[in-house]
Amino acid sequence: MSQVNGLGKTDRQIVGDRSAEHAMSHAASRRAAASQDASAILPFLLITFGMAWGLMGLYLAMPDRIEANFGPVSGSHPLFILAVYAPAIAAVVLVLHHGGIAGLKAFLSRRLLWRMAAGWWAFLLLGIPAVSFLGAALGGTLAGWAGSLPEAGPLLAATAFMLVLGPAEEFGWRGFAQPLLQRRMAPVRAGLVLGLIWGVWHLPAFYLSGLVQSEWSFMPFLIGSVAVSLILTAMFNAARGSILLAALFHFQLNNPLWPDGRPWDMYLFAAVAAAVVWIDRKRMFSRAGAATDVIPGSDKPLR
């Protein structure tokens, strides 16, 4: 039988009270830890913007000297490639800082996540090129698309290059930043915030002749970046935080096999994003079920 103490409570009641206090304390500690961990987004952004904007600024400040040493600016320029890799470099540096080599291995294990609903696979493989083709049709560039394709050899080389260029960004954007943002806000807000950051990060490329972005208008690109970020947020969470599928999504956006549909494809992606947010609204407006692990299985503060 339970004994009654001087305050009129049984031993069982005392144990229950202590268990409830412990549970509340543990929950508060987890919330505080998650909030503190999310602040790692700040050094990530400092490294990412510092590297990319610093390198592009260096070229703008001394173009003749840079060209003399590295050649004219282009999509394959070594400084441009280094700038594109800035988000991935920032993520690796911070993961190593928080989790060491073991943490980096766990972080990179998210490259092996590939399972998601068939509808998402269909959009990844067919939907993205469909948007590009429809955008090109609306812009009047589809008719000349086939004739503008290079021969098989150069086209294969360009495809291989794009496979290792832009997709590397996703180790930082979706691999590191997205989970941290989703610890503090619902996926729809995290997607909007990250899309704005992602779009603005590309801004210097619009001022460098020799890069394809210099031929585009920035505002449609920014709209498209936010829209694509929202779509990718829903897919990312459906795939349990897969870096692999985020990278494949990014590659499909830049795939040289598809026609250039700008700026119409950006507006079409905005329409697709609105549909995705509406269809997936229960998960997009709730933090429950969102992918928040940066280093899976780690007992370190940054998980």
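Residue numbers run consecutively from 1 along every chain, following the written order of its sequence. Selection of residues for local features in this predicted model requires a pLDDT of at least 70, selection of side-chain atom pairs for listing and counting requires 80 or more, and totals for whole chains, interfaces and linings are taken over all residues. The side-chain numbers reported here are obtained from all heavy atoms of the structure, hydrogens and water having been left aside.

**Student:** Can you lay out the overall build of the protein chain for me, pointing to particular residues and giving the numbers?
**Tutor:** For the purposes of this entry, the term helix denotes a DSSP run of H or I that reaches at least four residues, the term strand denotes a run of E that reaches at least two, and both are numbered from the N terminus. When you go through the protein chain residue by residue, the secondary structure sums to 14 helices and 0 strands. Put simply, the protein chain runs from its N terminus to its C terminus through helices and strands in the order α-α-α-α-α-α-α-α-α-α-α-α-α-α. In what follows, a contact means two residues having at least one pair of non-hydrogen atoms within 4.5 Å. Within the protein chain, contacts between residues separated by at least 24 positions form 79% of all contacts whose residues are at least 6 apart in sequence. Reported accessibility uses the Shrake-Rupley method at a 1.4 Å probe radius. Residues are deemed covered only where the shown protein chains occlude them. Within the structure as shown, the protein chain displays about 15,500 Å² of accessible surface, and the carbon and sulfur contribution to it stands at 66%.

**Student:** Mind laying out helix H8 (residues 152-164), listing which residues take part and the relevant values?
**Tutor:** In this model, H8 (13 residues) spans 19 Å end to end at C-alpha, consistent with the 18 Å of a helix rising 1.5 Å per residue. Here the term buried applies to any residue with accessible area under 20% of the maximum for its type, exposed to any over 50%, and partly exposed to those in between, with areas from a 1.4 Å probe on protein chains only. Buried within H8 are the following residues: Leu155, Thr159 and Met162. Considered in projection along H8, the buried side chains sweep an arc of 65° and stay on one side of the axis. Those residues of H8 that are buried are in contact with helix H12 (243-254). Working rule for helices: expected span equals 1.5 Å times residues minus one. Directions pointing from the helix axis toward each C-beta atom define the arc.

**Student:** Describe the packing of aromatic side chains, with residues and values.
**Tutor:** Between two aromatic rings, the relevant description is the distance of the centres plus the angle of the planes. Stacked, tilted and edge-to-face pairs are distinguished by plane angle, under 30 degrees for stacked and over 60 for edge-to-face with tilted covering the rest, among Phe, Tyr and Trp rings (Trp via its six-membered ring) whose centres lie within 6.5 Å. A complete count under the given rule lists 14 aromatic pairs for this structure. With a centroid separation of 6.2 Å and an interplanar angle of 35°, the aromatic rings of Phe123 and Phe249 are classed as tilted. Taken together, the positions of Phe123 in helix H6 (residues 118-139) and Phe249 in helix H12 put the pair 126 residues apart, joining distant regions of the chain. The pair Phe123 / Phe249 is uniform in exposure class, with both members buried. Ring centres 6.0 Å apart and planes at 85° place the aromatic pair Trp264 and Tyr267 in the edge-to-face group. Residue Trp264 and its partner Tyr267 are located together in helix H13 (residues 264-279), separated by 3 residues, close to a single helical turn. A relative accessible area of 38% places Trp264 in the partly exposed class. Members of the aromatic cluster, joined through ring pairs, are Phe44, Trp173, Phe176 and Trp201. Put simply, a charge is over a ring when the Lys NZ or the Arg CZ is close to the ring centre, within 6 Å, and near the line of the ring normal, within 35 degrees. If you follow Arg174 out to its NZ or CZ, it ends over the ring of Trp198, 4.5 Å from the centre. Its guanidinium or amino end placed over the ring of Trp278, Arg281 lies 3.9 Å from that ring's centre, counting from NZ or CZ.

**Student:** Explain the environment of Ile47 residue by residue, including any values.
**Tutor:** As for its position among the elements, Ile47 is in helix H2 (residues 41-61). Placed 40 residues apart in sequence, Ile47 and Pro87 show a C-alpha to C-alpha distance of 7.7 Å. Residue contacts for Ile47: discarding those within four places in its chain leaves Ala90, Val93 and Leu94.

**Student:** Give a detailed account of the side chain of His202, specifying residues and quantitative values.
**Tutor:** Summarising the element assignment, His202 is placed in the loop between helix H10 (187-201) and helix H11 (218-238). Setting aside residues up to four positions removed in sequence, His202 forms contacts with Glu169 and Phe221.

**Student:** Now, about the confidence of the model for the protein chain: what can you tell me, with residues and values included?
**Tutor:** On a scale of 0 to 100, pLDDT captures the predictor's confidence in every residue. Mean pLDDT over the protein chain stands at 88; residues scoring 70 or higher make up 86%. A low-confidence stretch, residues 20-36 stays under pLDDT 50, and its non-local contacts, those more than four residues away or across chains, total 3 contacts.

**Student:** Describe the packing of H2 against helix H9 (residues 173-181), with residues and values.
**Tutor:** Put simply, H2 and H9 touch, their axes get as near as 10 Å, and they point 145° apart. Note on packing geometry: the crossing formed by H2 with H9 is left-handed. Facing Ile41, Phe44, Leu45 and Thr48 of H2, the residues of H9 in contact are Trp173, Phe176, Ala177, Leu180 and Leu181. Comment: axis = line fitted to C-alpha atoms, over the contacting stretch for helices; angle = value between 0 and 180 degrees taken between N-to-C directions. With the far helix as reference, a near helix turned anticlockwise by less than a right angle produces a left-handed crossing, and one turned clockwise produces a right-handed crossing.

**Student:** Explain the pattern of salt bridges to me, and be specific about the residues and the numbers.
**Tutor:** By definition, a salt bridge exists where a carboxyl oxygen of Asp or Glu is found within 4 Å of a side-chain nitrogen of Lys or Arg. The tally for this structure, following the rule as stated, stands at 3 salt bridges. Among the ionic pairs, Glu170 bridges to Arg174, the shortest N-O distance being 2.7 Å. The burial state of Glu170 is the same as that of Arg174; both residues are buried.

**Student:** Hey, could you go over a nonpolar patch on the surface for me, with residue numbers and the actual values?
**Tutor:** Nonpolar side chains (Val, Leu, Ile, Met, Phe, Trp, Tyr) are joined into patches within 5 Å and like charges within 9 Å, using only residues with over 30% relative accessible area and no salt bridge. A grouping of Leu134, Leu138, Met219, Ile223, Trp264 and Tyr267 is seen on the molecular surface, where their side chains present a nonpolar patch of about 580 Å² in accessible area. Those elements that place two or more of their residues in the nonpolar patch are H6, H11 and H13. Along the chain, the position of Leu134 falls in helix H6.

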